[in-house]
Amino acid sequence: MIEVQDLRKTYGDLVAVDGVSFTAEGGAVFGLLGPNGAGKSTTIGCISGLLRPTAGSVRVLGIDVVGDGREARRRLGVVPQELALYEDLSARENLDYWAAAYGLGRGDRAARVEEVLELVGLSDRGRDRVKTFSGGMKRRLNFACGVVHRPDVLLLDEPTVGVDPQSRVRLFDLVRAERDRGTCVLYTTHYMEEAESLCDRLAIVDHGKVIAHGTLAELRSLLGERDLLRLAGAFDPAAQRAALGALADVEVVQCEAEALTLALPAASRRLPELFEAVARAGGDVRETTLTQPSLETLFIKLTGKELRQ
Amino acid sequence: MGYLLRSAHKDALRLYRDPVAVLLWIGIPLAIGALISLAFGGGGSASVPRARVLLVDREGTFLGGLVAGALSNAGGLFAVEEVAEEEGRAALARGEATSLVVLPGNFSEALLLEEPATIEVLQNPAQRILPRIVEETVSTLPDLVFYVHRLIGEDLRAMAAGPDEGTTFPDERIAEVSVRINRLVERLQGTLFPPVVDVEVVVEREDEQDEGPQVGFALLFLPGILVMSLMFVAQGLGEDLWREDAMTTLRRAAVAPHGFGAFLGGKLLAGAGVVLLVSAVFLGVGCLYLGVPLARWPAAAAWGGLLGTAMIAAMFGLQLVASSQKAGNVLTMMIVFPLLMIGGSFFPFEAMPGWMGAVGRLTPNGWALEHLKAILLGRADATALLAPTAGLVAAGAACFAFSTWRLRARYGGG
């Protein structure tokens, strides 16, 4: 279990994490979803003890990571965004070394290393040096090094960046396996589809703050089953806001000179009515995009921008 | 302890799998040492090269023998052999001799009557210096003949003309010429062979040295080369922190419960193994080659290992002070090379001006080098080494503590 309370991390005037709070339970995957620079990796850094929080508290399995960092780190597994492997060593040697670094005894290590190699599908390549591995194999080994000591809490910092689709699916299976083992998994990503398919609970972060959190269903309900309609063209924001605001069940999410974003139920059936209102207010529509309710639409609704911007 | 050893094993494996780097750290100082040693005339046991000079006397008189004798006595540089012309030319063609000197058929006549003659000097093109020395030496012969003629030319010419037909030189005539030549030689002896400077050479030797090797240039140079090698190894191992940084393994180590102490300790332990091995091999070969008693080898190798380990700890600290790998390299280079220059690795203290040697001995590497030299020359016993050993251990421990602190400050965690 991870308990983060009013976490704040600053670098001079720059506020990287601004009062983040959430609780991640064991046997579940908790997602931290947000664009690059939202503060996800900084949050992970504070939880893993790599960074000292400016304010707030972080507890792992009830242990304060600042007060008793060593004990907290013993229970943690970290899979960093970058590959953290010794290319000159074999897969088996890498796993054995990191298992020792996390305090696994010599007697325990040999069996556990074989078990993890089997888990990530690298049993037949255990003796080979890592520099001969493909990118996907290295990713799997990177994951294996993070779980070789059977951690109770696993932190995954965007583990699928630059990973091919096949390896990504494999990694998802590994994460689910850890969850099913009872591990508390904290997973950061900026891929909506990953969060939707993997996470039991989510916190959406932007500019160092949690802007929404809950289960997938709870977050979707924030949209109220509303579709998101995005119009591109030339618009008079004030006139459009007045014209569209007068229509029933239409929420103007974004209204700028070149883009309009509207949230409304059953948008596809109301397109003629909407186009007529836009035209009456002097608007010229050149492109229309209709999106079903999803985390992506929720993020746009909450921040007014796309996740990958 | 388990993790410390596992960490050392990991780094030892990485070093073992990158032998080129280790060989470079050792090979560069060896190459520098070999070049400097050559420039200074080689090792203490090297013998002076001799030129094999083949002499062909077409005339076959006793004067040819005199030339051979004169060349043989010219500072022991030449080994002169009288040979048949064909045989001499063939030997030179095979590169078996330095020069072939051919005395002409009219050599006696030319010598006694001061007439023109040509002495042929054929050289071995594969050699550069020795044939020139032969040529220069032979070219002094006409000058010698000139001066002899100025002194006893008349007698020589009379002897060359021979006695009247059908007679021999009367005994009085031979005695007269002999006496004149003897008196001339006696008169000139004080000028030609003057005891101008009488140098008294006194060699002071300590008792212990009687058992030890002769202190030649090579033996003075060996410890310096070893220290240079250890410094390069230390520099390379220090730089490994940046390789770990690039591989992100340092960051992963930071979030492991054992922390940086054991991580860096393992690295130091692996490095200690390398420097101990380098010292042992280097000094072992040196002892065998230079005749240092093998009983001194273990202490010298242990001192080298300890010195190298302290150097590695210092290099960790220097790299961790720098903001980037490039800055770290510049910083260590700026420190390592001047220290090597003045600290007795490029030039032995004995070959430096007095003041420079005195300064060099005060540098950390110069100080350690002097102790190593003392061990090799049998001038240091175990009790005398206690305090320096404690100093070295303390310095290494301080550097290690500083490095661990810097690592924590930079990477957090651990």
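Heads up: the structure comes first, above all this text.
Report follows, based on the coordinates. (Residues numbered from 1 in each chain as written. Chains lettered and ligands numbered in written order. Predicted model: local features only at pLDDT ≥ 70, side-chain atom pairs only at ≥ 80, totals over all residues. Heavy atoms only, no water.)

**Brief notes about the overall build of chain A**
Part 1 of the reasoning: If you tally the helices and strands in chain A, you get 11 helices and 14 strands.
Part 2 of the reasoning: If one aligns the C-alpha atoms of chain A with their principal axes, the spans along those axes are about 75 × 40 × 35 Å.
Part 3 of the reasoning: The buried share of chain A, taken over its 309 residues, is 52%.
Part 4 of the reasoning: Relative to all contacts within chain A whose residues are 6 or more apart in sequence, the contacts with residues 24 or more apart total 68%.
Part 5 of the reasoning: Summed over its atoms, the accessible surface of chain A is roughly 12,800 Å², and 47% of this surface lies on carbon and sulfur atoms.
Part 6 of the reasoning: With 39 positive and 45 negative side-chain charges, chain A shows a separation of 5 Å between the mean positions of the two kinds. (Helix = DSSP H or I, 4+ residues; strand = E, 2+ residues; numbered from the N terminus. Buried < 20%, exposed > 50% of the residue type's maximum accessible area, 1.4 Å probe, protein only. Contact = heavy atoms within 4.5 Å. Areas by Shrake-Rupley, 256 points an atom, 1.4 Å probe, with all protein chains shown as cover. Lys, Arg positive; Asp, Glu negative; His and termini not counted. Charge placed at Lys NZ, Arg CZ, Asp CG, Glu CD.)

**Details of the sheet that holds strand E10 (residues 209–215) of chain A**
All names here are of chain A.
Part 1 of the reasoning: Strands sit in the order E6-E7-E8-E3-E9-E10 across an open sheet of 6 strands; the sheet is mixed. In the strand order of this sheet, the two ends are held by strand E6 (76–79) and E10, each with one partner. Taken over all neighbouring pairs, the strand axes of this sheet differ in orientation by 15 degrees on average, direction set aside.
Part 2 of the reasoning: Bridge analysis of strand E9 (residues 201–206) against E10 gives 6 bridges, and the strand direction is antiparallel. Its bridge partner being in E10, Ile204 is matched across the sheet by Ala212.
Part 3 of the reasoning: Here helix H5 (residues 135–147) sits on the sheet in contact with E6 and strand E7 (153–157), set at roughly 165 degrees to E6.
Part 4 of the reasoning: Strands strand E3 (28–33), E9 and E10 of the sheet are contacted by helix H11 (residues 295–303), whose axis makes an angle of about 40 degrees with E9. (Pairing = 2+ DSSP bridges. Axes fitted to C-alpha atoms, helices over the stretch in contact; angles between N-to-C directions.)

**Thoughts on the packing of aromatic side chains**
Part 1 of the reasoning: What the rule picks out here adds up to 11 aromatic pairs over all chains.
Part 2 of the reasoning: Considering the side-chain rings of A:Tyr97 and B:Tyr3, the 5.8 Å spacing of their centres and the 35 degrees angle between planes classify their relative orientation as tilted. With one member in each of two chains, A:Tyr97 in helix H3 (residues 91–101) and B:Tyr3 in helix H1 (residues 2–16) form a pair that bridges those chains.
Part 3 of the reasoning: With relative accessibility at 0%, the residue A:Tyr97 sits in the buried group.
Part 4 of the reasoning: Residue classification places B:Tyr3 among the buried positions, given a relative accessible area of 5%.
Part 5 of the reasoning: Look at B:Trp303 and B:Trp367: their rings are 5.9 Å apart centre to centre, the planes differ by 55 degrees, and that puts the pair in the tilted class. Taken together, the residues span a long stretch of sequence, with B:Trp303 in helix H12 (residues 297–321) and B:Trp367 in helix H15 (residues 364–376) at a distance of 64 residues.
Part 6 of the reasoning: These aromatic residues form a ring-pair network of at least three members: A:Tyr86, A:Tyr97, A:Trp98 and B:Tyr3.
Part 7 of the reasoning: Lying across the ring of A:Trp98, B:Arg252 places its NZ or CZ 5.6 Å from the centre. (Phe/Tyr/Trp six-rings, centres within 6.5 Å; stacked < 30°, edge-to-face > 60°. Lys NZ or Arg CZ within 6 Å of the ring centre and 35° of its normal.)

**Comments concerning the interface of chain A and chain B**
Part 1 of the reasoning: Taken together, the contact pairs 31 residues of chain A with 24 residues of chain B.
Part 2 of the reasoning: Roughly 2,500 Å² is buried in total at the junction of chain A and chain B, and carbon and sulfur atoms are behind 59% of that figure.
Part 3 of the reasoning: It is A:Leu50, A:Tyr86 and A:Tyr97 in chain A that bury the most area against chain B; as a group they hold 27% of the surface buried on that side.
Part 4 of the reasoning: Between B:Arg6 and A:Asp96 there is a salt bridge whose closest N-O contact spans 2.5 Å.
Part 5 of the reasoning: The tally of links from chain A across to chain B stands at 12 residue pairs in polar contact (both at pLDDT 80 or more).
Part 6 of the reasoning: When residues of the side of chain A that touches chain B are traced back to their parent elements, those giving at least two are helix H2 (69–75), E6, H3 and H5 of chain A.
Part 7 of the reasoning: Here the side of chain A that touches chain B gets 6 residues from one element, more than from any other, and that element is H3(A).
Part 8 of the reasoning: The residue makeup of the side of chain A that touches chain B, split by class, is 15 nonpolar, 6 polar and 10 charged. (Buried area = accessible area lost by both parts, 1.4 Å probe. Salt bridge = Lys/Arg side-chain N within 4 Å of Asp/Glu carboxyl O. Polar contact = N/O pair within 3.5 Å; in protein donor to acceptor, adjacent residues only side chain to side chain. Nonpolar A, V, L, I, M, F, W, Y, C, P; charged D, E, K, R; others polar.)

**Details of the pairing of E6(A)**
A regular strand carries its side chains on alternate faces of the sheet.
All names here are of chain A.
Part 1 of the reasoning: Neither face of E6 is open: one carries Leu76 and Val78, the other Gly77 and Val79, and all of them are buried.
Part 2 of the reasoning: With 4 bridges connecting them, E6 and E7 associate as parallel partners. What sits directly across from Val79, in E7, is Leu156.

**What to know about unusual backbone geometry**
Glycine aside, the phi torsion of most residues is negative, and most peptide linkages are trans.
Residues and elements named next belong to chain A.
Part 1 of the reasoning: The phi dihedral of Asp249 is positive, around 60 degrees, even though this residue is not glycine.
Part 2 of the reasoning: Turning to its location among the elements, Asp249 is positioned in the loop between helix H9 (237–245) and strand E12 (251–255).
Part 3 of the reasoning: Notably, Ala266 is not glycine yet its phi reads approximately 50 degrees, a positive angle.
Part 4 of the reasoning: Note on placement: Ala266 falls in the loop between strand E13 (259–264) and helix H10 (271–280).

**Section: the sheet that holds strand E3 (residues 99–103) of chain B**
Residues and elements named next belong to chain B.
Part 1 of the reasoning: Strand order in the open sheet formed by 4 strands is E2-E1-E3-E4, and the pairing between neighbours is mixed. The two strands at the open ends of the sheet, each matched to only one other strand, are strand E2 (78–82) and strand E4 (120–123). Neighbouring strand axes in the sheet, compared pairwise and without regard to direction, differ in orientation by 20 degrees on average.
Part 2 of the reasoning: Bridge count for E3 against E4 is 4 bridges, and the pairing is antiparallel. Pairing of Val101 across the sheet is with Val121, part of E4.
Part 3 of the reasoning: Here helix H4 (residues 85–93) sits on the sheet and contacts strand E1 (51–57), E3 and E4; the angle it forms with E3, its principal contact strand, is near 155 degrees.
Part 4 of the reasoning: Along the sheet face, helix H6 (residues 130–139) touches E1, E2, E3 and E4 and points at about 175 degrees away from the line of E4.

**Comments concerning the pattern of salt bridges**
Where side chains of opposite charge bring their charged atoms close, a pairing between them can arise.
Part 1 of the reasoning: For the structure shown, the criterion picks out 38 salt bridges over all chains.
Part 2 of the reasoning: With a shortest N-O distance of 2.4 Å, A:Arg125 and A:Asp128 are connected by a salt bridge.
Part 3 of the reasoning: A:Arg125 sits in the partly exposed class, given a relative accessible area of 23%.
Part 4 of the reasoning: Here the residues in one salt-bridge network are B:Lys10, B:Asp11, B:Arg14, B:Asp240, B:Arg243, B:Glu244 and B:Lys267, joined through shared partners.

**Some remarks on the pairing of strand E4 (residues 55–60) of chain A**
Residues and elements named next belong to chain A.
Part 1 of the reasoning: Pairing analysis gives 5 bridges linking strand E1 (residues 2–11) to E4, with the strands arranged antiparallel. Following the sheet pairing, Ile2 is matched in E4 by Val60.
Part 2 of the reasoning: By the bridge criterion, 2 bridges tie E4 to strand E5 (residues 63–64) in an arrangement that is antiparallel. Across the sheet, residue Val60 finds its bridge partner in E5, namely Ile63.
Part 3 of the reasoning: Connecting E4 to the next strand, E5, in antiparallel fashion are 2 residues, including Leu61 with a positive phi near 50 degrees.

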